[in-house]
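Listed here are the chains, written in short residue letters.
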Amino acid sequence: MNNTEFDSQEIRNDFAEYDRQATITNFKVACTIGILLMPAGFLLDKFVYPLKAGEFLKLRLLCSILIAIFLMALLTPFGRKNYRHFGIVLFMLPTSFMAWMIYATEGAASPYYAGLNLVLLVLALVLHWTFWESLIATFLVIALYASAVLAHSTIFHATAGIFVNNFYFLTLTGIIAIAGSFFHSKTRFREFAFRYQLDQSKRELELS
């Protein structure tokens, strides 16, 4: 199959609808993960920051409720039509709450930095976004982390080394997620185009 066949507008239109359904299904999985895992982090809060565990539990439950609301909105006709924009909102919900907890604890030294890596893993392994969506999402995660640390640290020089270390690994994780999304999206389209052409050939053969 040559590149001209791949660039068929008919194939691209059919792929867009296929991608819509697949992406919404992935969003459902990501929402379920977020709804369950955010409150589960209360156990970590209880051991690491016992004095803040009650406050953080309220934040975690609020985040889960917002994700559930997002999921219901996504399943409406408006949400299905604008599912790409909804994806960024979904992604930013747990990211924003974790950034706040980083700010509210130890800034650069906060162990909640690891949660942002988990968010990027969901981006890479569950959502299967396009290159540009992954790039924007990764940038927002890193920007929120940097903002939380800088807003917290009145003596930033004392934790600068930890910040650079965490920033470095967040960036690497983001680059891996972006690269994976780029190659995965191209592979998905090519596989869909092959199947589309094969089905079309079968129909033509049956008619002849």
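Definitions and cut-offs
- Residues numbered from 1 in each chain as written.
- Predicted model: local features only at pLDDT ≥ 70, side-chain atom pairs only at ≥ 80, totals over all residues.
- Heavy atoms only, no water.
- 1 Å grid on protein atoms, 1.4 Å probe; cavity = no way out; pocket = protein on both sides within 12 Å on 5 of 7 lines; lining within 4 Å.
- Points joined across faces, edges and corners; volume = space filled by probe spheres on them.
- Helix = DSSP H or I, 4+ residues; strand = E, 2+ residues; numbered from the N terminus.
- Nonpolar A, V, L, I, M, F, W, Y, C, P; charged D, E, K, R; others polar.
- Salt bridge = Lys/Arg side-chain N within 4 Å of Asp/Glu carboxyl O.
- Buried < 20%, exposed > 50% of the residue type's maximum accessible area, 1.4 Å probe, protein only.
- Axes fitted to C-alpha atoms, helices over the stretch in contact; angles between N-to-C directions.
- Parallel < 35°, antiparallel > 145°, perpendicular 65-115°, else oblique.
- Contact = heavy atoms within 4.5 Å.

Undergrad: Please provide a residue-by-residue account of the layout of surface pockets, values included.
TA: There is about 500 Å³ of room inside the largest pocket. What lines the largest pocket is a set of 22 residues, and nearest its centre among them are Leu37, Met38, Met98, Gly115 and Leu118. Sorting the residues of the lining of the largest pocket by element identifies α2 (9-40), α6 (83-104) and α7 (113-127) as the ones contributing at least two each. Of the residues in the lining of the largest pocket, the class split is 18 nonpolar, three polar and one charged.

Undergrad: Now, about the pattern of salt bridges: what can you tell me, with residues and values included?
TA: Throughout the structure, instances matching the rule amount to five salt bridges. We note a salt bridge from Arg20 to Glu17, for which the minimum N-O separation is 3.3 Å. Within this pair, Arg20 and its partner Glu17 are both found in helix α2, separated by three residues, close to a single helical turn. On the accessibility criterion, Arg20 (22% relative accessible area) is partly exposed. Assessed through its relative accessible area of 39%, Glu17 is described here as partly exposed.

Undergrad: Go over the packing of α7 against helix α8 (residues 131-152), please, and point to the residues and values.
TA: Geometry of a packed helix pair, given as the angle between the helix axes and the separation of the axes. In the contact formed by α7 and α8, the axes pass within 11 Å of each other and the chain directions differ by 175°. Considering the angle they form, α7 stands roughly antiparallel to α8. Residues Tyr113, Leu116, Leu120 and Leu123 of α7 touch α8, and the partners they reach there are Ser134, Ala137, Thr138, Val141 and Tyr145.

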